[in-house]
Structure formats: structure tokens, C-alpha cells
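# Chain and residue survey
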Amino acid sequence: MEWTLYDQLIEGIPEEVQVRDYALGLCWSYVEAESAMGVSYTCRGGSTQPTCCRDFRGLPLRELATLSKSWRFEEATLGVAALNAWYGQRRLVDALGAAYDAPIEMPDGTLRNQDAFEVLRPRIESQRDARVVVVGHFPHVSRIAEYAQLTVLERSCRDGLDIPDPACEFLLPTADFAFITGVTLENKTAPRLLELAREAFVTMVGPSVTMAQPLLDAGVDMAAGSIVIDPDRARFAVKSGGAMPFGSALQMVTIGAQRTA
């Protein structure tokens, strides 16, 4: 598999932008640069031998972003966060037609962020017996089964809803809609998954998603990620090992295809 997607994202970062700080956290990680702060979900595993042991503070952000190609996934986590520290600037996502999500009222009266699943629900419901494949076990993903044929691919199966992710080779080519976690950018499965899902409407989901044109060019119809709106809150969440507070530290945002049917 070629590195085209990663190379395009890395090369889009100006050479003069420098890293201010970074941290590999228990659940989340961040890279803070002169441009912005970027976050990513901490992905673990892969190679056991580190390929880089240097301090990137004060060095070019582009150099840190090259770690997105590392086969040690902890390093790749920082590399993707570095990409997001550039592409997660509001002015850049706005130039791509960004739409910012706000809470909506659910049928049971509760308020919930209008995530990518809810944004596309009318579109999915309008297609009778739509086949939906979700790569990654997201919160509330089981709701999709109420209005579509749902399959969840997960590396570590959690319950009866999940099946092992190698099934992607069999299921994604026939999917009508595919939701793919941004963590696949870190573990390098994203290019193959996008190739398999080329006949589906593809949405890449999560804070690890790099909100940039090369991702759309690679086959993502809608990128549903986030930008950091409160670096202090995001930094605390990373360093404390706690949950990332969406809505206060991060704001959910989508780019790409039309949001409604």
C-alpha cells in the first residue's frame, strides 16, 4: 500500500511551524504547535522498537507529523496529533465548508450531540434495508440497528454486536454506508479500508480524524472530527488520563458531503 495519503498530509504542513509541547496520554494525546493544538486517541501496539527518541519541542511540526507513518502506534498517535495541530485550525476547516455540531433533542427527550450517525440517519433511513458497516465500536452505535442492517467491526470484540475486523475484506465492498474510526489513520488500516469501501458512502469519525482535503480525495465522503476550542481543558484531560470533554475542550465539526439527504 502506498503512503500517498500520509505524504500529502505531511507535505501540507509549512516547514517553519514549530512544536511547542506534546504529551502521550493514557487515553488521549496532544501536540501543541504555533498553529493550534491537535489531539488524537492514544493507539497502542505495533512495533516494540521505538523509531524515534528525540524531544520535538522547538522543532518543526512537519518532522513530528512524519511519525504518523511509524509502525509503533504510540509514535503514530503523536504523528496524527501533529497533523491535527496544523489542519485543525478553524480557518482551514472553514475553507473546506465546515459545519459545527450542536446538541439535538432525541426521541426520548434527552439532548445529545448531533454526531455523524445522527447527521446521516435521514439519509440512511431513506434507503430501504441499507447495509451499514461501522469500523470501531462507538458509543450508542447499536441505535443504527433500529433503522438499518448494522455490522460493527472491532479489533477487540465487546459484545454480540461485534465481529472481528478482518471481516472488512468481505463486508465493506457490499456496504451502502461505512463509518470508519479515525484511529485507522494511526494503525495504517485506513488506506485499505477506504479502498474496500469505495462503493459506499464513507464517513470517517472521531477526534483522530485529520480534517483535510487529502482525506476527501482518498475516498472519504464526509469527515466528522473536531477542533480544539479550549487547549487548557484538552491538556488537562490528556495529562489526567480522563475522558475528553466534548463541547468544552473539543468542538465536533464535519467537512465534505452534504449533511442531509
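Everything discussed here concerns the structure shown above.
About the criteria used
- Residues numbered from 1 in each chain as written.
- Predicted model: local features only at pLDDT ≥ 70, side-chain atom pairs only at ≥ 80, totals over all residues.
- Heavy atoms only, no water.
- Pairing = 2+ DSSP bridges.
- Helix = DSSP H or I, 4+ residues; strand = E, 2+ residues; numbered from the N terminus.
- Contact = heavy atoms within 4.5 Å.
- Axes fitted to C-alpha atoms, helices over the stretch in contact; angles between N-to-C directions.
- Salt bridge = Lys/Arg side-chain N within 4 Å of Asp/Glu carboxyl O.
- Buried < 20%, exposed > 50% of the residue type's maximum accessible area, 1.4 Å probe, protein only.
- Core = buried A, V, L, I, M, F, W, Y, C linked by side-chain atoms within 4.5 Å.
- Phe/Tyr/Trp six-rings, centres within 6.5 Å; stacked < 30°, edge-to-face > 60°.
- Lys NZ or Arg CZ within 6 Å of the ring centre and 35° of its normal.
- Polar contact = N/O pair within 3.5 Å; in protein donor to acceptor, adjacent residues only side chain to side chain.

## Observations regarding the sheet that holds strand β13 (residues 250-256)
With mixed pairing, eight strands are arranged side by side in an open sheet as β4-β13-β12-β11-β10-β7-β8-β9. Of all strands in the sheet, those bounded by a partner on one side alone are β4 (99-100) and β9 (162-164). Taken strand by strand, helix α5 (residues 116-125) contacts β7 (131-135), β10 (177-181), β11 (201-205) and β12 (222-228), and its axis lies near 170 degrees from that of β10.

## Considering the pattern of salt bridges
The full count for this structure, using the stated rule, is 14 salt bridges. Linking R72 and E74 is a salt bridge whose minimum nitrogen-to-oxygen distance equals 3.8 Å. On the accessibility criterion, R72 (26% relative accessible area) is partly exposed. For E74, a relative accessible area of 17% gives the class buried. A salt bridge links E169 to R192; its shortest N-O distance comes to 2.8 Å. Note that E169 is positioned in helix α6 (residues 168-171) and R192 in helix α8 (residues 190-196), a separation of 23 residues in sequence. Here E169 falls in the partly exposed class, since its relative accessible area comes to 38%.

## Re the pairing of β13
Where burial is concerned, most of β13 is hidden: five out of the seven residues are buried. By the bridge criterion, two bridges tie β4 to β13 in an arrangement that is antiparallel. From the neighbouring strand, A99 faces β13, where its bridge partner is T254. Pairing of β12 with β13, which is carried by seven bridges, proceeds in the antiparallel orientation. Counted as the bridge partner of V228 is L250 from β13.

## Quick word on the environment of G79
Considering the arrangement of structural elements, one finds G79 in helix α3 (residues 73-87). A residue is classified by how much of its surface remains accessible, and G79, at 0% relative accessible area, is buried. Ignoring sequence-local partners within four residues, the contact set of G79 consists of L64, A65, L67 and S68.

## A look at the nonpolar core
Within the largest apolar cluster, 52 residues are counted, with the highest numbers of intra-cluster contacts made by V31 and L61. At eight residues, the largest contribution of residues to this core is made by α3. When near neighbours in sequence (up to four residues on either side) are disregarded, L61 contacts I13, V17, Q18, V19, V31, A33, S35, A82, A85 and W86. Counting 21 residues, the second largest nonpolar core, distinct from the first, contains I124, V134, V141 and I144.

## Digging into the packing of aromatic side chains
One pass over the full model with this rule turns up eight aromatic pairs. Ring geometry for W28 versus Y41: centroids 5.4 Å apart, planes at 90 degrees, classification edge-to-face. Of the two residues, W28 is situated in strand β2 (residues 28-33) and Y41 in strand β3 (residues 37-41); the sequence distance between them amounts to 13 residues. Of the residues examined, Y41 reaches a relative accessible area of 39% and is grouped as partly exposed. Pairwise contacts between aromatic rings join W3, Y6 and W71 into one cluster. Directly above the aromatic system of Y100 lies the positively charged group of R90, at a separation of 4.6 Å from the ring centroid. One cation-aromatic arrangement involves K188 over W71; the distance from NZ or CZ to the ring centre is 5.4 Å.

## Digging into the environment of Y30
As for its position among the elements, Y30 is in strand β2. Since its relative accessible area comes to 0%, Y30 is described here as buried. For the pair formed by Y30 and A81, sequence separation is 51 residues and the distance between their alpha carbons is 5.7 Å. Residues in contact with Y30, not counting those within four places in the same chain, are D21, Y22, A23, M37, G38, V39, L78, A81, R235, V238 and K239. A distance of 2.7 Å separates the side chain of Y30 from the side chain of D21, its partner in a polar contact.

Structural measurements only, silent on function.
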